[in-house]
Amino acid sequence: MDLYGERKNARKTIVFLCAIMMILLVADLLQKDVLISPEENRILQTKPGLSGETLASGEYMERYEEYLNDQFVGRANWITIQNITARAFQKKVMNDIYLAKDGYLMPRHLPEDFSLELQEASLSNLDAFLADYPQAKVMLVPTADSVLTDKLPAFAPYFDQEAFLERAKERVGADRFIDVLPVLREHAGEEIYYRTDRHWTTLGAYYGYEAFAKSFPKPPRWYLHGELQTVKTDFRGDLYAKAKQHARPDNIMIFPRVMEADSYRITYDGYLNRRDFYEERYLEGNGSYRYFLDDTHGIVEIERESYLDGTLLVIKDSYANAMIPLLAHHYKKIYVVDLNYFNANLTEYMQNKDIYGNMDVLVLYNCTNFIRSFPYESARTQ
Amino acid sequence: MTFSSIFFLFRFLPIFLIVYFMAPGRMKNIVLFLGSLFFCGWGSPRGALYVCIALLFNYVLGRMLCSCENNGNRRLLLIFGTVCNLLFPTGFTIFTLQALSYLGDCYGDREKPQKNLLDFAVYFTLFPQTVAGPVVRYGQIKESLRERKPDSLLVSYGLKRFIIGLSKTVLLANNLGALWTQAATKSVSGISTLTAWIGVVALTYQMYFLLSGTADMAIGLGAVLGFRFPENFAYPYMAGSVTEFSKKCCITLVDWFRDYIYEPLAGEKKSRFRALPGILLTGLLLGLWLGRDVSFVVFGLWFAFWMVLEQLGLHKLLEHIPGIIGRGYTFFTVLVGWVLFAMDSWKEAAHYLLTMFGIGPQPLYDRESLFWGSHVWMLLAVAMIGATPLCSLAEKRLRASVSGAGLALYRFLEKLIVAVLLLVSIAYCVKTPMMLSY
């Protein structure tokens, strides 16, 4: 055997591998610490303070290891490599997000996470709500996995929301239930859900609005597809942030505003005043679904300068944010309440709000959110 | 500190190696001892203190064993030393086994005790193998404790071995482990039989890649430092009987129990009346060393039971039937063993095993198991091939067949593959709050 050649090769191997490690080490030492990781949407560990106490208990070492781990050079690239490898291994679910077909990411809703007891708890809360607001109508929007089911990975388990929606419909009565599942299924070939975000698109919300208008009934304003204006073309939403997988970015679109600008007065949580439903500042960066109705607020009041006299109360989650701009012109005053963030007694709050005596009430949730949390009882007794 | 943390790979290891290779001659041992102490103290400073006390204790005891002439006194010293080592708050770890084997070897005059405290300290604390073995006996490295010649072949071999071990742990074992954890957690509320089988196969290979990967890293680091540690695994899942498996899995650990517990129990003649209870008792103690819970005892006894059966005649039967049946029987026995090992309690383990064998209300398969099958097959296939000698044989054959330009290409590709493995492994060492879910 050529020992000389072997040794030469061995030395080359050593130099090569050590060079890789040293380059990374030096790059890591030169890199400045960052506070947050925008890709992960998370605060990173910073250098821990040293004290005798934390040293003796081993807490300092633990923090320090976390610190090095979080601040390691090229963090985002390493995560990308992890994802490429996972994909090469044919992995179809990342961080509870399904890597569905056609570049769709879909949240994983496992049947066992939506037990009958949980469903029943939300439905009985809904019963209580309907007893207090008998005129209310209920729209529960299925999430993408129950509508674009054929796009899920093969055999992927999912919570079939159709059966639950049937149950809910029976419970509240067909006349009070706005059934959007068939409507959305009919339009399944269109872009009704974002590929990278768990919400429905403006177009999806528009079909919801059509169903709403038919049910109440309101003379709907018919928008045309061509009217959709694109406000952002490289939207990567919350599913992308969680799964960190290559997915086709989405467009964020809006229908043209029906009313003149300035004809609405929008108050968020009683103090923040706006004239528009859309918050331009969120179009920068990630999480741009917040563009609609300024993300999350316990109570949003929308007032329109008009001769109309209608009032609408919407009990909702974030799915409603894309739809409310579409139905706003039907009412003089709209109260939008997110029970999870509303810190007052709803009954007291709504007292004397129905000044015209014809208040419409709409419960608008995405189906899975509704089952997980519809805390009406606690909002009523708060 | 684990080998697969950024802190180890990009702070401890480079700084330690630079200082180590710059240190002249005998200074290397001081650097090695201090580095090992730091490695051990990083997790718990108190632990490092205990290790130092245990180190001094065993050093003194070894020398006393040597200088004492009276056999009765020697025996007393050995018993005293054993009891003290078992009572040390370092826990039942590699340190304990090393200390006991050292004392046992001194007592049996197999080894002369180390007179140089520094060399002994280096042996006792040597950081690469304190994580999960291999259990290195004093006699196996006593020459290299004093002096180690720098050898580029050994260092380059060590680096490659370390990287292969790292990738086995972080790429395969961690993913397989996540799959198993998910199956195990859900098994309480009910999973299908197929899911249970996918889970248990994942567990079986997770254990192999975790243990053998860690051993590879230890052996590799040892080689970089100039030591030749004994091998710890020899493709155990290819074994044709449980007895053979015990000689191929965690070799140094099983050897330790064989030499220091079974051999004295069985006596020199190995008559059945002593050998068979000896096997059972050794299995029991091995289980107890792994953890103090009923399921670990059952784990140890489970393997001992099959080894006893093999002694009683099963072995002869296995020799007369096709090898594949023997391998199947062994793999199956090991699979059940790992369930006993990995479950929190023997009750959960029993429940899981019942699910595996289709006893109970669970369906044979369900959507979830088919989904798993559709996206974990690749991981399992890579694991199954990786646990056979195939890759290593192919590499050897390729290496032997090339020369000239082919050899240059071979060497280039080898470096490339190792570098890619290193980079991908580093990627998996960067921890994110993302869940490894299946």
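What you see is a predicted model; the values in this text were computed from it and never measured.

Criteria and thresholds
Residues numbered from 1 in each chain as written. Chains lettered and ligands numbered in written order. Predicted model: local features only at pLDDT ≥ 70, side-chain atom pairs only at ≥ 80, totals over all residues. Heavy atoms only, no water. Helix = DSSP H or I, 4+ residues; strand = E, 2+ residues; numbered from the N terminus. Buried < 20%, exposed > 50% of the residue type's maximum accessible area, 1.4 Å probe, protein only. Areas by Shrake-Rupley, 256 points an atom, 1.4 Å probe, with all protein chains shown as cover. Rg over C-alpha atoms; globule rule 2.2 N^0.38 Å. Contact = heavy atoms within 4.5 Å. Lys, Arg positive; Asp, Glu negative; His and termini not counted. Charge placed at Lys NZ, Arg CZ, Asp CG, Glu CD. Phe/Tyr/Trp six-rings, centres within 6.5 Å; stacked < 30°, edge-to-face > 60°. Lys NZ or Arg CZ within 6 Å of the ring centre and 35° of its normal. Buried area = accessible area lost by both parts, 1.4 Å probe. Salt bridge = Lys/Arg side-chain N within 4 Å of Asp/Glu carboxyl O. Polar contact = N/O pair within 3.5 Å; in protein donor to acceptor, adjacent residues only side chain to side chain. Patch = residues over 30% accessible without salt bridge, like charges linked within 9 Å, V, L, I, M, F, W, Y side chains within 5 Å. Pairing = 2+ DSSP bridges. Core = buried A, V, L, I, M, F, W, Y, C linked by side-chain atoms within 4.5 Å. Axes fitted to C-alpha atoms, helices over the stretch in contact; angles between N-to-C directions. Parallel < 35°, antiparallel > 145°, perpendicular 65-115°, else oblique. Left-handed = near helix turned anticlockwise from the far one by under 90°. Nonpolar A, V, L, I, M, F, W, Y, C, P; charged D, E, K, R; others polar.

Engineer: Mind laying out the overall build of chain A, listing which residues take part and the relevant values?
Structural biologist: In terms of regular secondary structure, chain A is built from 14 helices and 14 strands. Oriented by its inertia axes, the alpha-carbon framework of chain A measures out at about 95 × 50 × 45 Å. Split into buried and exposed, the 382 residues of chain A put 53% on the buried side. Carbon and sulfur atoms provide 53% of the accessible area of chain A, an area that totals close to 17,100 Å².

Engineer: Account for the overall build of chain B, naming residues and giving values.
Structural biologist: When you go through chain B residue by residue, the secondary structure sums to 18 helices and 0 strands. The globule rule puts the C-alpha radius of gyration for 438 residues at 22 Å, and the 23 Å found for chain B is close to it. A principal-axis box enclosing the C-alpha atoms of chain B has dimensions of 65 × 60 × 45 Å. Scored against the burial criterion, the 438 residues of chain B give a buried share of 56%. Within chain B, contacts between residues separated by at least 24 positions form 74% of all contacts whose residues are at least 6 apart in sequence. Just so you have it, chain B exposes about 19,500 Å², and 69% of that area is on carbon and sulfur atoms. Between the mean site of the 38 positive side-chain charges and the mean site of the 24 negative ones, chain B shows a separation of 4 Å.

Engineer: An account of the packing of aromatic side chains is requested, with residue identities and associated values reported.
Structural biologist: In this structure the tally under the stated criterion is 80 aromatic pairs over all chains. A ring pair is formed by Tyr365(A) and Phe374(A), whose centres lie 5.4 Å apart and whose planes are at 85 degrees; its orientation type is edge-to-face. Its relative accessible area of 1% is what places Tyr365(A) among the buried residues. What makes Phe374(A) buried here is its relative accessible area of 3%. Note on Trp180(B) and Tyr352(B): the rings are 5.1 Å apart at their centroids and 65 degrees apart in plane angle, and the pair reads as edge-to-face. Of this pair, Trp180(B) sits in helix α8 (residues 152-187) while Tyr352(B) sits in helix α15 (residues 346-356), placing them 172 residues apart in sequence. Above the plane of the ring of Tyr349(A) lies Lys353(A), whose end atom (NZ or CZ) is 4.2 Å from the centre. Taking the ring centre of Tyr20(B) as reference, the NZ or CZ of Lys28(B) above it sits at 5.3 Å.

Engineer: Outline the interface of chain A and chain B, supporting the account with residue identities and numerical values.
Structural biologist: Listed per partner, the contact involves 59 residues of chain A and 55 residues of chain B. Buried area between chain A and chain B, summed over both chains or domains, comes out near 5,100 Å², and the portion from carbon and sulfur atoms is 68%. Counting every contact that joins chain A to chain B gives 5 salt bridges. Two residues, Arg7(A) and Asp151(B), come together in a salt bridge whose shortest N-O distance is 2.9 Å. Where chain A touches chain B, the interface holds 14 residue pairs in polar contact (both at pLDDT 80 or more). Every element with two or more residues in the side of chain A that touches chain B is listed here: α1 (3-30), α2 (52-57), α3 (59-70), α4 (75-88) and α10 (238-243) of chain A.

Engineer: Quick rundown of a nonpolar patch on the surface? Include the residues and the values.
Structural biologist: Residue and element names in this part refer to chain B. A surface patch of nonpolar side chains, about 560 Å² in accessible area, is lined by Leu409, Phe412, Leu413, Leu416, Ile417 and Val420. Mapping Leu416 onto the fold places it in helix α18 (residues 405-429). Exposure remark for Leu416: the relative accessible area of 39% places this residue in the partly exposed category.

Engineer: Before we move on, could you go through the sheet that holds strand β5 (residues 105-107) of chain A and cite the residues and values that matter?
Structural biologist: All names here are of chain A. Read across the open sheet, the 3 strands follow the order β3-β4-β5; overall the sheet is antiparallel. If you trace the sheet from one side to the other, it starts and ends with β3 (93-94) and β5, each paired once. Pairing analysis gives 3 bridges linking strand β4 (residues 97-99) to β5, with the strands arranged antiparallel. Following the sheet pairing, Tyr98 is matched in β5 by Met106.

Engineer: So, unusual backbone geometry: which residues are in play, and what are the values?
Structural biologist: All names here are of chain A. At the junction of Phe216 and Pro217, the peptide bond is cis and its omega measures out at -25 degrees in the coordinates. Inspection of the secondary structure puts Pro217 in the loop between α9 (202-215) and β7 (229-235). The backbone phi angle of Asp96 is positive, close to 65 degrees, even though this residue is not glycine. Within the secondary structure, Asp96 sits in the loop between β3 and β4. For Asp96, a relative accessible area of 27% corresponds to the partly exposed category. A positive phi angle is found at Asn352, which is not glycine, with a value near 65 degrees. Judged by its relative accessible area of 73%, Asn352 falls in the exposed class.

Engineer: Describe the pattern of salt bridges, and please don't skip the residues or the numbers.
Structural biologist: Residue and element names in this part refer to chain B. Enumeration over the complete set of coordinates arrives at 33 salt bridges over all chains. A salt bridge links Arg146 to Asp119, with the shortest nitrogen-to-oxygen separation between them at 3.6 Å. With Arg146 in helix α7 (residues 138-146) and Asp119 in helix α6 (residues 117-125), the pair connects residues that are 27 residues apart, well separated along the chain. Judged by relative accessible area, Arg146 falls into the partly exposed class, the value being 47%.

Engineer: Tell me about the environment of Asp360(A), and name the residues and values.
Structural biologist: All names here are of chain A. Within the secondary structure, Asp360 is located in strand β14 (residues 360-366). Here the alpha-carbon distance between Asp360 and Gly5, two residues 355 residues apart in the chain, equals 86 Å. Reaching out from Asp360, the side chain makes a polar contact with the side chain of Tyr331 at a distance of 2.7 Å.

Engineer: Give me the lowdown on the nonpolar core, citing residues and values where you can.
Structural biologist: Core analysis: the largest hydrophobic core is formed by 171 residues, its most contacted members being Phe129(A) and Trp200(A). Counting residues per element, this core draws most heavily on helix α9 (residues 193-225) of chain B, at 11 residues. Look past the residues within four positions of Phe129(A) in its chain and what remains in contact with it is Ala136(A), Ile315(A), Leu346(A), Val361(A), Val363(A), Phe374(A) and Tyr376(A). Of all hydrophobic cores here, the second largest spans 92 residues; its members include Val73(A), Leu221(B), Val418(B) and Leu422(B).

Engineer: Give me the lowdown on the packing of helix α5 (residues 116-132) of chain A against helix α7 (residues 161-172) of chain A, citing residues and values where you can.
Structural biologist: Residues and elements named next belong to chain A. In the contact formed by α5 and α7, the axes pass within 11 Å of each other and the chain directions differ by 30 degrees. When the interaxial angle is binned, α5 and α7 end up roughly parallel. The two elements α5 and α7 meet at a crossing, and its hand is right-handed. Touching Leu116, Gln119, Glu120, Leu123, Ser124, Leu126, Asp127 and Leu130 of α5 are Phe164, Arg167, Ala168, Arg171 and Val172, all from α7. Here the residues of the contact of α5 with α7 are counted per class, giving 7 nonpolar, 2 polar and 4 charged.

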